[in-house]
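# Structure at a glance
Listed below are the residues making up each chain.
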Amino acid sequence: MGQRPDGRPGGPRPDGRPGGPRPDGRPGGPRPDGRPGGPRPDGRPGGPRPDGRPGGQRPDGRPMGQRPDQRPGAPRPDGRPGGPRAEGRPTGQRQDQRAGEKRGGRPGDRRQQDFRKQGAQQPAKQAPVVKKEEPKNLKPIVIGESVTVQDLAAKLAKTAADVIKKLMMSFGVMATINQEIDSDTATLIAAEYGREVQVEIEVDETIVEEVEDKPEDLVPRPSVVTVMGHVDHGKTSLLDAIREANVTASEAGGITQHIGAYQVVHNGKKITFLDTPGHEAFTAMRARGAQATDVAIIVVAADDGIMPQTVEAINHSKAAEVPIIIAVNKMDKPGANPDKVKQELTEYGLVPEEWGGDTITVPVSAKTQQGIEDLLEMILLVAEMQDLKANPKRLARGTVIEAELDKGRGPVATVLVQTGTLQIGDSIVAGQASGKVRAMVDDKGRRVKKAAPSTPVEVLGLSDVPLAGDTFNAVPDDKTAKAIASKRISKKREEEFKATAKVSLEDLFKQIKEGQVKDLNIIIKADVQGSIEALKQSLNKLSNEEVRVNPIHGGVGGITETDVMLASASNAIIIGFNVRPDANARKAAEKEKVDIRLYRVIYNAIEDVKSAMAGMLDPEFKEAVIGRLEVRQTFKVSKIGTIAGCYVTEGKITKNSEVRVIRDGIVVFEGKLDSLKRFKDDVKEVVEGYECGVTIEKFNDVVEGDIIEAFVMEEVKRQL
């Protein structure tokens, strides 16, 4: 035996292992990796590893022994190599306890998010380089004279929010998505986004294009004469005398309520007459009559002279630049003074021909037919000097004189053809109404097939009741008529919307201040459109600072259940002018407690509304002194206060009267009586010459010698 090569001492091994060659065939001697021999520190058995891995130092330099996380030291289930991880993550159990299963494919999945949570460094991905496109030469955007925010945004390829923001930030305009902005503002907005704008002038599709007439197509036409003047000066009677018909009897109160149009023949020549109402409420209708006329006849009563409505008629005629003929009527009356009329006319710039002027004056009498022939001759003379011509060989154009809703015939319009010829079957558009001419009736009630220039006719076949004064046009076909009417309805609706939508701070403040104003809501139903307008005008004039007349609806035709329900919802009264409510409307009015007022003369309607408004005014209170008392003695009583023993020197004092305590001519207190007694009994009043006991509410400083003045506040009804 000799010394061992590795210097180990001889003898039995300290760990009790048997001597001899090793069971696994490993060579004896010191270990190649310099590890000490003997049992392992972690108690693991020696010998080859169960998984066949080679012994020795680990390639990645990790220490031998049990893993800190107690994981088994076997090959990984997913076949990944052991050793340090490429991305530098620490080995061991994951902090979120997830199993280390095979990755699920796409990069940047939950594992990568976890790595970020753990603060591990991720390899930065480079963003793809996007080449900036050079701005192309974009075409200018085309808009009309106005454009909505939404449409402008669509044309600019921007969102409506962007355009609204730009309007607000750059121009200080608060706009909604459906609000229209003008072309100038739209141009500036587009410039902000580097776009050009091309503004197209929109053709107004609501206007029927006017055709120039060739001189060779023009032929003489009858003159249109408007008869105007003050109420009850004999306009309709004069027309009766001219056309030998009696219309006045059918008018309520003998007053012409709406325009009548008539045609007469004198010396083989036709003359068309328009009879406008004389009452001041129909100023607008009279103005329309003057606009459709060639000659104006102003009727003045010889016994009455120039009146307010005569002056209005003169002004309308002058504004329309039509020649004026003065008919001095009622020459048969004993008090007739035509020279006085002529003198008054000079004050308004109308100098009679016999006085060296150019105004024709004709003395007439509708009753005795005096001067009628002279008047017609003068009309024909003036018309001849004007050389009136029109083209009958074209589509008709004219003016709606009056319109109404007939129960059996539907919408009926009285029209005056001014140029062209209107025929049955023609497609026409009048204001917002359109339709085909189904029938035409002349002033004598006869059916006619065509109406030449200066001919008044009643037209049937319109879709709706047009407004009196609207222009009517015949168009090539029904489709065109409907399209124009539809555009006009839309345009009117837009205008109404704009009128109500615009609110400024000043308006808002004004409206808040007007919170005290009381509204008298009115629904007007009449037989003809002109009467509605006239009534609205007259009623609006009645409005004042405290009570405002508010016509919420006006329509042609009878009063229906719908009108009653509208009145009920709006707390309105219904005024019917020459119309009646149907059975259902009457029942609904009784049920809903709606007030329906029916009139045949406009004066009565205006007076009644005036009275209703006077009732809505806040009443005025006037102080009335009813008595005076002298304090002769005072008594102080606990829990009651001071009782004044008084003597009534004049008048009386009542329990509900207010009192004023006067001391040396100065009012020291004003208030209410607390109690009034005579001896121990409460009394309602004490008259002059009697004594009484008085206590005053919230006042005990009554002294002997004071004068108590008793007064009441009397309500005084306000007048408009």
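Residues numbered from 1 in each chain as written. Predicted model: local features only at pLDDT ≥ 70, side-chain atom pairs only at ≥ 80, totals over all residues. Heavy atoms only, no water.

Scanning all chains against the criterion turns up one aromatic pair. Between phenylalanine 669 and phenylalanine 699, the ring centres sit 4.6 Å apart and the planes meet at 10°, which makes this aromatic pair stacked. Here phenylalanine 669, found in strand β29 (residues 666–678), pairs with phenylalanine 699, found in the loop between β32 (691–696) and β33 (707–716); they are 30 residues apart in sequence, far enough to count as distant. When the ring centre of tyrosine 193 is taken as reference, the NZ or CZ atom of lysine 166 above it lies at 5.1 Å. Over the ring of tyrosine 647 we find arginine 632; its NZ or CZ atom is 4.3 Å from the centre of that ring. (Phe/Tyr/Trp six-rings, centres within 6.5 Å; stacked < 30°, edge-to-face > 60°. Helix = DSSP H or I, 4+ residues; strand = E, 2+ residues; numbered from the N terminus. Lys NZ or Arg CZ within 6 Å of the ring centre and 35° of its normal.)

This part takes up the packing of helix α13 (residues 561–570) against helix α14 (residues 583–592). Interaxial distance between α13 and α14 falls to 8 Å at its minimum, and their mutual angle equals 20°. Considering their axes alone, α13 and α14 lie roughly parallel with respect to each other. Crossing of α13 against α14: the hand is right-handed. For the pair formed by α13 and α14, the contact residues are Glu561, Val564, Met565 and Ser568 on the first element and Asn584, Ala585, Ala588, Ala589 and Glu592 on the second. Grouping the constituent residues of the contact of α13 with α14 by class yields five nonpolar, two polar and two charged. (Axes fitted to C-alpha atoms, helices over the stretch in contact; angles between N-to-C directions. Parallel < 35°, antiparallel > 145°, perpendicular 65-115°, else oblique. Left-handed = near helix turned anticlockwise from the far one by under 90°. Contact = heavy atoms within 4.5 Å. Nonpolar A, V, L, I, M, F, W, Y, C, P; charged D, E, K, R; others polar.)

The next point concerns the nonpolar core. Within the largest apolar cluster, 39 residues are counted, with the highest numbers of intra-cluster contacts made by Leu422, Ile522, Leu539 and Val609. It is helix α15 (residues 602–616) that provides the largest number of residues to this core, a total of five residues. Other than its neighbours up to four places away in sequence, leucine 539 contacts Ile522, Ile524, Val549, Ile575, Ile606 and Val609. Listed in part, the 25 residues of the second largest apolar core include Phe273, Val295, Ile297 and Leu375. (Core = buried A, V, L, I, M, F, W, Y, C linked by side-chain atoms within 4.5 Å. Buried < 20%, exposed > 50% of the residue type's maximum accessible area, 1.4 Å probe, protein only.)

Right, let's get into the environment of glycine 665. Following the sequence through the fold, glycine 665 ends up in the loop between β28 (658–663) and β29. The exposure class assigned to glycine 665 is exposed, which follows from its relative accessible area of 69%. As a C-alpha pair, glycine 665 and aspartate 706 span 41 residues in sequence and 9.3 Å in three-dimensional space.

Okay, the confidence of the model for the chain next. Model confidence for the chain is summarised by a mean pLDDT of 77, while 71% of its residues fall at 70 or above. Residue range residues 278–282 is modelled with pLDDT below 50. Its contacts to residues more than four positions away, or to other chains, number 21 contacts. Taken as a whole, residues 500–508 scores under 50 in pLDDT and shows two contacts with residues more than four places along the chain or in a different chain. (pLDDT = per-residue confidence, 0-100.)

Further remarks concern the packing of helix α5 (residues 235–243) against helix α9 (residues 372–386). Where α5 contacts α9, the axes come no closer than 10 Å and their chain directions differ by 90°. The orientation of α5 relative to α9 falls into the category roughly perpendicular. Facing α5, whose interface residues are Leu238, Ala241 and Ile242, α9 presents Ile372, Leu375 and Leu376. Class assignment for the residues of the contact of α5 with α9 results in six nonpolar, no polar and no charged.

For the rest of this paragraph, the subject is helix α4 (residues 183–192). Taken residue by residue, α4 has Ser183, Thr185, Ala186, Ile189 and Ala190 as its buried positions. Down the axis of α4, the buried set is contained in an arc of 155°. They therefore lie on one face. Exposed positions of α4 whose direction lies more than 90 degrees from the buried face are Asp184 and Ala191. Packed against the buried residues of α4 are β1 (141–143), β2 (146–148), α2 (149–156), α3 (160–171), β3 (180–182) and β4 (197–199). For α4, the N-terminal cap is aspartate 182; the gap from its side-chain oxygen to the backbone nitrogen of aspartate 184 is 3.2 Å. (Arc of directions from axis to C-beta. Polar contact = N/O pair within 3.5 Å; in protein donor to acceptor, adjacent residues only side chain to side chain.)

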